[in-house]
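If you want the building blocks of each chain, they are given just below.
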Amino acid sequence: MTERDDRAARYRRHEWRMPLAIGGAALVAAVLLGLAITFGSAGIVVAADEWWAAAMVSVRGPVGDVSAYFLNFIGGGRFAVFAVPVTTAVVLLILRLPWAAGYFIVGSAASAGVVQLLKNTFDRGRPEDMIVASDFGSFPSGHAANAATIAVAFGVIFPHVWVWVLGAVYAVLMALSRMYLGAHWLSDTVGGMLVGAGVALVLWAAFSKPLEGERLARLERVSARDGPTLRAS
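Comments concerning the overall build of the protein
And then number 1: Secondary structure assignment for the protein yields 9 helices and 0 strands.
And then number 2: Written out in order from the N terminus, the α and β elements of the protein read α-α-α-α-α-α-α-α-α.
And then number 3: Within the protein, the fraction of its 233 residues that count as buried is 41%.
And then number 4: In the protein, the share of contacts with a sequence separation of at least 24, taken over all contacts with a separation of at least 6, comes to 76%.
And then number 5: Carbon and sulfur atoms form 70% of the exposed surface of the protein, whose accessible area is close to 12,800 Å².

Below, the structure written as structure tokens:
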């Protein structure tokens, strides 16, 4: 084994440490944000929440309503909790990516579980201008957490820049829609995205070895399938 190969092997053995550290830090940050809001030591955050909530109400209109209600449907309830994970897992299984399917299912379930735990812990009231039905507990936003989990999970499974960019755009739009509908404060969506991304990153660390092996195997299959065609052209 060359020195370069040895360095690469050492990197692969320890590559799980960074997502674990970043994901763990994101989860701790979400808890600390919830504690600060709950115990009244985040005056600046609460003031920003109230200012942003008023700004969101002021821009409501027909186009925004349709977009926000659509995101409300796809980002929560049975559709987001059951339909999206199951459908995604089936597609990944068809693509012969069983570890990716398992990672996505576990990530979705774990993210939803952490959100419910924090909602029960902090039991924060929602904004008064809410125009959509929602369950108890405003912090953190389940829709924002779910969107962040999906964004990171897809970025991990399909590591392309455009996948990460689309995922980030989706997560931000989901967060904006929650505030537009008055279902959440700004800090709720920040907390939700920290939870969703944090869970996905921590689980990435746990699934890193089989996911990487599966990704390399898929690249080999694609190369074997497309190689003759490329050489012929």
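From this point, things continue past the structure.
Describing the nonpolar core
And then number 1: Judged by nonpolar contacts, the single largest core of 34 residues is most densely connected at L92, Y103, V152 and I157.
And then number 2: Where this core is concerned, the elements lending two or more residues are α2 (17-38), α5 (77-94), α6 (98-122), α7 (142-157) and α9 (186-232).
And then number 3: No other element matches the 8 residues that α9 contributes to this core.
And then number 4: Setting aside residues up to four positions removed in sequence, I157 forms contacts with L92, L97, A100 and Y103.

Remarks on the confidence of the model for the protein
And then number 1: When pLDDT is averaged along the protein, the result is 88, and 90% of the positions lie at 70 or above.
And then number 2: Counting contacts from residues 3-9, a segment whose pLDDT is below 50, to residues more than four positions away or on other chains yields 1 contact.

A closer look at a nonpolar patch on the surface
And then number 1: A grouping of V161, V165, V169, V172, L173 and L176 is seen on the molecular surface, where their side chains present a nonpolar patch of about 500 Å² in accessible area.
And then number 2: Within the element layout of this structure, L176 appears in helix α8 (residues 161-180).
And then number 3: For L176, a relative accessible area of 32% translates into the label partly exposed.

Reading the values: the criteria
Residues numbered from 1 in each chain as written. Predicted model: local features only at pLDDT ≥ 70, side-chain atom pairs only at ≥ 80, totals over all residues. Heavy atoms only, no water. Helix = DSSP H or I, 4+ residues; strand = E, 2+ residues; numbered from the N terminus. Buried < 20%, exposed > 50% of the residue type's maximum accessible area, 1.4 Å probe, protein only. Contact = heavy atoms within 4.5 Å. Areas by Shrake-Rupley, 256 points an atom, 1.4 Å probe, with all protein chains shown as cover. Core = buried A, V, L, I, M, F, W, Y, C linked by side-chain atoms within 4.5 Å. pLDDT = per-residue confidence, 0-100. Patch = residues over 30% accessible without salt bridge, like charges linked within 9 Å, V, L, I, M, F, W, Y side chains within 5 Å. Salt bridge = Lys/Arg side-chain N within 4 Å of Asp/Glu carboxyl O.

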